[in-house]
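# Analysis of the macromolecular model
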Amino acid sequence: MRTTLTLLVTLLIAVGALFYIGPTTPVPGVAYVELVNVTGDDTGPTCPLDQRYVDEAPRGLRDDVLAAWNTLKAKAAAEGVSMCLNDGKRSSQQQQAEFDGAVRRFGSAEQASKYVLTPEASNHVKGIAADIQPLASASWVERGNGKFGWCRRYQNEPWHFEYDPSYVNGCPPMLPNALASR
Ligand SMILES: [Zn+2]
């Protein structure tokens, strides 16, 4: 009897732990689950339009954002414009590494924050941001003024776009830099 009880309790704890850890990938029909631990590609094939950049697979973006990214690329292609995803989804860990690198490059957390946000603040971690290259393609998206839900957000990052369904009504005013968004 005692053995059975112990087994039952162990089983309950094991099942409970499974649910506690929970899914880290988006579940259709469930309100936006935490995407912070979802890893995106660190790199990809060289961008055919400009060899200084890469063209990552858009893995890890929030479901609706991924759909919007594919739509954006299709609409652009219909007008003869190609674009590369130089950076998209990052996990919290990937973002921290980027931030640490920026602190080394720029010399302080304050300066680094103008270009790379912390994992808590980054929209790349939330899976709603895309760095579009080359800049000629990025400016095509910018000229659309949110027509497809994508807006440039920062004056100092002409490549950085974020998706929000409400942007189809026009882009919000740009912020000077990422630091200003906190
Ligand atoms: Zn960005």
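Calculation criteria
- All residue numbers refer to position in the chain's written sequence, counted from 1.
- Since the coordinates come from a predicted model, pLDDT governs what is reported: local features require at least 70, and pairs of side-chain atoms require 80 or more to be given and counted, while whole-chain, interface and lining totals use all residues.
- Secondary structure is summarised from DSSP: a helix means a run of H or I of at least four residues, a strand means a run of E of at least two, and numbering begins at the N terminus for each.
- Residue burial is a threshold on neighbouring C-beta atoms within 10 Å of the residue's own C-beta, all placed from the backbone, with 20 or more meaning buried, 12 or fewer meaning exposed, and counts in between meaning partly exposed.
- We call two residues in contact whenever the C-beta atoms placed from their backbones are within 7 Å.
- Values of pLDDT, the confidence the predictor places in each residue, fall between 0 and 100.
- The reported arc concerns the directions from the helix axis to the C-beta atoms and nothing else.
- When DSSP locates at least two bridges between a pair of strands, those strands are taken to pair.
- Only the stretch in contact is used when a helix axis is fitted, and all axes are lines through C-alpha atoms; the angle between N-to-C directions ranges over 0 to 180 degrees.
- Under the definition applied here, buried Ala, Val, Leu, Ile, Met, Phe, Trp, Tyr and Cys residues are grouped into a nonpolar core through C-beta atoms within 7 Å.
- Expected span, for any helix, means 1.5 Å times one less than how many residues it has.

### Points about the overall build of the protein
The helix and strand inventory of the protein stands at five helices and four strands. Counting over 182 residues, the protein shows a buried share of 31%. Across the protein, every contact between residues at least 6 apart in sequence was considered, and the portion connecting residues at least 24 apart equals 57%.

### Things to note about the confidence of the model for the protein
Averaged over all residues, the pLDDT of the protein equals 86, while 81% of them reach at least 70. Below a pLDDT of 50 lies the segment residues 15–31, which in the model reaches nine contacts outside its immediate sequence neighbourhood of four places, other chains included.

### Quick word on the environment of glutamine 94
Note on placement: glutamine 94 falls in helix α3 (residues 92–106). Overall, the presence of 21 C-beta atoms within 10 Å leaves glutamine 94 in the buried class. Each C-alpha atom of the pair glutamine 94 and aspartate 41 lies 9.7 Å from the other, and the pair is 53 residues apart in sequence. If we skip the residues at most four places from it in the chain, glutamine 94 touches Thr39, Gly40 and Asp42.

### Notes on unusual backbone geometry
Geometrically, the link from glutamine 133 to proline 134 is a cis peptide bond, its omega value of -5 degrees lying close to zero. By secondary structure assignment, the location of proline 134 is in the loop between β2 (129–133) and α5 (135–143). Its identity is not glycine, yet asparagine 145 carries a phi of approximately 50 degrees, on the positive side. Mapped onto the elements of the fold, asparagine 145 is located in the loop between α5 and β3 (150–152).

### Brief notes about α5
Within α5, the full set of buried residues consists of Ser137, Ala138 and Val141. Around the axis of α5, the buried residues are gathered within 100 degrees of arc, so they sit on the same side. Every exposed residue of α5 that faces more than 90 degrees away from the buried side is listed here: Ala136 and Arg143. Along its buried surface, α5 packs onto α2 (63–78), β2, β3 and β4 (160–163).

### What to know about the sheet that holds β3
Paired through backbone hydrogen bonds, the strands of a sheet run either parallel or antiparallel to each other. If you walk across this open sheet you meet the four strands as β1-β2-β4-β3, and the pairing is antiparallel. Here the strands that pair on one side only, and so sit at the sheet edges, are β1 (84–87) and β3. For this sheet, the mean inter-axis angle between neighbouring strands, taken without regard to orientation, is 45 degrees. Strand direction decides the pairing type here: β1 and β2, joined by three bridges, are antiparallel. Looking at the pairing, aspartate 87 lines up with aspartate 131 of β2. Its contacts with the sheet put α5 on β2, β3 and β4, and the angle it makes with β2 is roughly 125 degrees.

### Points about the nonpolar core
Residues Ile132, Trp150 and Phe161 are the most contacted members of the largest nonpolar core, which totals 22 residues. Elements supplying a minimum of two residues to this core: α2, β1, β2, α5, β3 and β4. When near neighbours in sequence (up to four residues on either side) are disregarded, phenylalanine 161 contacts Ala129, Ala130, Ile132, Val141, Trp150, Cys151 and Arg152. Within the second largest apolar cluster, six residues are counted, among which are Phe99, Ala112, Val116 and Tyr154.

### Quick notes on α3
A rise of 1.5 Å per residue sets the reference length of α3, with its 15 residues, at 21 Å; its end C-alpha atoms lie 21 Å apart and thus fit the reference within 8%. Here α3 has its buried residues at Gln94, Gln95, Glu98 and Phe99. Each buried residue of α3 lies within a common arc of 135 degrees when the element is viewed along its axis, so the set occupies one face. Structural note: α3 exposes Gly101 and Arg104 on the side pointing more than 90 degrees away from its buried face. Just past α3, the residue glycine 107 takes up positive phi, approximately 90 degrees.

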